[in-house]
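Listed here are the chains, written in short residue letters.
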Amino acid sequence: MSSLTSARGSLATVLITASLDAAGMGLVMPILPALLHEAGVTADAVPLNVGVLIALYAVMQFIFAPVLGTLSDRFGRRRVLLVSLAGATVDYLVLATTSALSVFYIARAVAGITGATNAVTATVIADITPPHQRAKRFGLLSACYGGGMIAGPAMGGLFGAISPHLPFLLAALLSASNLALTFILLRETRPDSPARSASLAQHRGRPGLSAVPGITFLLVAFGLVQFIGQAPGATWVLFTEHRLDWSPVEVGISLSVFGIVQVLVQALLTGRIVEWIGEAKTVIIGCVTDALGLVGLAIVTDAFSMAPILAALGIGGIGLPALQTLLSQRVDEQRQGRLQGVLASINSVTSIFGPVAFTTIFALTYINADGFLWLCAAALYVPCVILIMRGTAASPKFGSWASGDSM
C-alpha cells in the first residue's frame, strides 16, 4: 500500500470513528428516560438519574482522554483505537441486553472511556497532515463530530420508538464494522524512527506541555471557547420557548439548521480561510463572529431575525479547528497524543460545568432579562481574544498573531 493510499485510508477511518463516537454519545439521550423506567426507576427519580448518567459519561471522558492520548504516544495510535473500538462494541451489546440499573451505570462509565478516542483520532490527523494543512482536516474532524451529534439523537429517537434497546444493537453493529474497517485500513501513524527512543528518553523528566512557549495561554483560550459553546446547547430550548414561544417542532428545526450550518462551515470553509489569512486571524474572526451571534440572540424578537444569527453562530465554528491547529503546531511529534488528550479532557470538563453555569444564569434572569446569559457568553470572548494574542506572540517560532503567518 502506497503512503498516499495509506494516509487516505487512515484519514477516512478516523473520520468515521469520530462520527460514530459522537453518535454514540447522543444516541442515549432520547431513550434514557424509557430505559430508566424499564430498570424500575420511579418517575420522580428519573431526572436525577439522567443527570448523573450524563455527568458520569463526561467525567470518564475527562479522566481517560489524556490517558488514551499518552498511551497512543507510547504504544501506537492503531492499537489504542482497536482496543477502544472493541470495548465500545461489547459495551453497546451489554446496553442492548441489560435492564439492570447497576449494569447500566457501569456500561455508561465504560462507554465514556471507550468514547474518549477523540484524543487519538485528532492525533492521527496531526500525524498524517502537514502543519499548514491541519486546520482543514481538523475542520473535517469537527464536522464529523457535529454530524454524529445530529445523527445520534435522531437514530436513538427513531429506533427507540420500537424498543429502547434497539438503538444500542444498531450502535454495536456500527462499532463492530468500524473495528473491522480500522483493522483493515488504518496503518500505524505514530512517528517511528531510529531516533525515536532517544527522543522519548530525552523528553522524560523534562517539563510537560506547560513548558512550550505560549501554550498555556492557548489552552486556557481553548477551554473558554469550549465553555462558551455549551451555552446554546444547554439553553436553546429554554430560551426560544420563552422568548419566541416556539413549539418543540420549531426548536428542533432550528437546532438542526444550526448544526448543519456549522458542519458545512467547518468542513468546507475552515481550511480555505486559514490558507488565506492564517490560523491566528481565523481564530480571532471565529471568536468575533460567534460573539456577534450571541449578542444577536440577546436582542432577537422574531423568527425572521434568527436567520442571520444562526449564520453568524455557524461561521463562528471556524475558530475551534484553527485554534486546535495552532496548538498542534507548537508540540513535537512525540507529544501530540498527550496534547490531544489534554484538549479532549478540557472539552469534557467544559461539557460538565458549562450547562450548569448557563442554565443557572438563565434561571436567575429569565423573568426580567432572558437575554443576559448570551451577553455573559459573548463577554467571555474578550479575555479569549487577549489570550490568543498573548499565546501566539509568546512563541518565537510563530511570531505575532497579526503577521498572518502560520509557519
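Throughout this document, residue positions are counted from 1 along each chain, in the order its sequence is written. Given that the model is predicted, a residue must reach a pLDDT of at least 70 before its local features are reported, and side-chain atom pairs must reach 80 or more before they are shown or counted; all residues, however, enter totals for whole chains, interfaces and linings. Calculation of side-chain values draws on the structure's entire complement of heavy atoms; hydrogens and water are dropped beforehand.

Along the protein, the regular secondary structure elements total 19 helices and zero strands. Only C-alpha atoms enter the radius of gyration, while the globule expectation follows 2.2 Å times N to the 0.38, with N the number of residues. Computed over its C-alpha atoms, the radius of gyration of the protein comes to 21 Å, within 12% of the 22 Å expected for a compact globule of 407 residues. Dimensions of the protein, computed from C-alpha atoms along their principal axes, come out at roughly 60 × 50 × 35 Å. By the burial criterion, 50% of the 407 residues in the protein qualify as buried. Two residues form a contact once any of their heavy atoms are found within 4.5 Å. If you take every contact in the protein between residues at least 6 apart in sequence, the share linking residues at least 24 apart comes to 83%. By element, 70% of the accessible surface of the protein is carried by carbon and sulfur atoms, the whole surface being about 17400 Å². Of note, the protein has its 22 positive side-chain charges centred 15 Å away from the centre of its 19 negative side-chain charges. Helix numbers and strand numbers start at the N terminus; a helix is a DSSP run of H or I with at least 4 residues, a strand a run of E with at least 2. Throughout this description, buried means an accessible area under 20% of the type-specific maximum (1.4 Å probe, protein chains only), exposed means over 50%, and partly exposed covers the range between. Using the Shrake-Rupley algorithm and a 1.4 Å probe, accessible areas are obtained, with residue cover drawn only from the displayed protein chains. A residue counts as positive if it is Lys or Arg and as negative if it is Asp or Glu; His and the chain ends are not included. Every charge is mapped onto a representative atom, which is NZ of Lys, CZ of Arg, CG of Asp or CD of Glu.

All right, on to the nonpolar core then. Only buried residues count toward a nonpolar core, which is a set of Ala, Val, Leu, Ile, Met, Phe, Trp, Tyr and Cys residues joined through side-chain atoms within 4.5 Å. Within the largest apolar cluster, 52 residues are counted, with the highest numbers of intra-cluster contacts made by Leu 294, Leu 297, Met 306, Leu 323 and Leu 327. Setting aside residues up to four positions removed in sequence, Leu 297 forms contacts with Trp 236, Phe 239, Arg 243, Met 306, Ile 309, Leu 313 and Trp 374. In this structure, Leu 36, Val 46, Met 155 and Ala 171 belong to the second largest nonpolar core, which totals 20 residues.

Attention now goes to the packing of helix α14 (residues 279-299) against helix α18 (residues 372-379). Put simply, α14 and α18 touch, their axes get as near as 7 Å, and they point 165° apart. In terms of axis orientation, α14 runs roughly antiparallel to α18. Judged by the sense of rotation from one axis to the other, the crossing of α14 with α18 is left-handed. For the pair α14 and α18, the contacting residues are Ala 291, Leu 294, Val 295, Leu 297 and Ala 298 in the first and Trp 374, Leu 375, Ala 377 and Ala 378 in the second. To define axes, lines are fitted to C-alpha atoms, for helices over the stretch in contact only, and angles between the resulting N-to-C directions are given on a 0 to 180 degree scale. Any angle that is under 35 degrees is reported as roughly parallel, and any over 145 degrees as roughly antiparallel; angles of 65 to 115 degrees are reported as roughly perpendicular and all others as oblique. Each crossing gets its hand from how the near helix is turned against the far one by less than a right angle, where anticlockwise is left-handed and clockwise is right-handed.

What follows deals with the state of the cysteines. Cysteine sulfur atoms that come within 2.5 Å of each other are treated as a disulfide pair. Within the structure shown, the criterion is met by zero disulfides. The thiol of Cys 287 is not disulfide-bonded; the next cysteine sulfur, from Cys 384, is found 4.1 Å away. On the basis of relative accessibility, which here comes to 3%, the residue Cys 287 falls in the buried class.

To continue, consider the environment of Arg 272. Within the element layout of this structure, Arg 272 appears in helix α13 (residues 270-277). Along the primary structure Arg 272 and Ala 135 are separated by 137 residues, whereas in three dimensions their C-alpha atoms are 8.9 Å apart.

The split of the chain into domains comes from an automatic or database domain assignment. Each assigned domain of the protein is listed with its residue range as follows: domain 1 (1-188) and domain 2 (209-401). Centre-to-centre, using C-alpha coordinates, domain 1 lies 22 Å away from domain 2. The interface of domain 1 with domain 2 comprises 29 residues on the first partner and 30 residues on the second. Here domain 1 and domain 2 share an interface that buries about 2200 Å² over both sides, 64% of which is from carbon and sulfur atoms. Throughout, buried area stands for the accessible area (probe radius 1.4 Å) lost by two parts on being put together, summed over both. Interface area lost by domain 1 to domain 2 is led by Phe 62, Ala 135 and Phe 138, which between them contribute 22%. Salt bridges are identified by distance alone: a Lys or Arg side-chain nitrogen within 4 Å of an Asp or Glu carboxyl oxygen. One can count zero salt bridges joining domain 1 with domain 2. Whenever two N or O atoms come within 3.5 Å, that pair is a polar contact, provided that in protein one can donate a hydrogen and the other can accept it, and provided that, for residues adjacent in sequence, both atoms are side-chain atoms. Taken together, domain 1 and domain 2 are joined by six residue pairs in polar contact (both at pLDDT 80 or more). Elements that contribute at least two residues to the side of domain 1 that touches domain 2 include exactly α3 (46-75), α6 (118-128) and α7 (134-160).

Any two packed helices are characterised by the angle at which their axes cross and by the distance between the axes. Interaxial distance between α13 and α14 falls to 7 Å at its minimum, and their mutual angle equals 120°. It follows from the interaxial angle that α13 and α14 lie oblique. Judged by the sense of rotation from one axis to the other, the crossing of α13 with α14 is right-handed. Residues Ile 273, Val 274 and Ile 277 of α13 form the contact with α14, whose participating residues are Glu 279, Lys 281, Thr 282 and Ile 285. Gly falls in the polar group here, along with every residue not listed as nonpolar (Ala, Val, Leu, Ile, Met, Phe, Trp, Tyr, Cys, Pro) or charged (Asp, Glu, Lys, Arg). Its residues placed into classes, the contact of α13 with α14 shows four nonpolar, one polar and two charged.

This brings us to the environment of Trp 374. With respect to the element layout, Trp 374 can be found in helix α18. For the pair formed by Trp 374 and Asp 127, sequence separation is 247 residues and the distance between their alpha carbons is 37 Å. Once you skip the residues sitting within four places of it in the chain, Trp 374 turns out to touch Ala 231, Pro 232, Thr 235, Phe 239, Leu 294, Leu 297 and Ala 298.

Attention now goes to the side chain of Gln 324. Structurally, Gln 324 is set in helix α16 (residues 319-329). At 3.0 Å, the side chain of Gln 324 forms a polar contact with the side chain of Gln 340. Non-local contacts of Gln 324, meaning those with residues more than four positions away in its chain, are made with Ala 122, Phe 138, Gln 340 and Leu 343.

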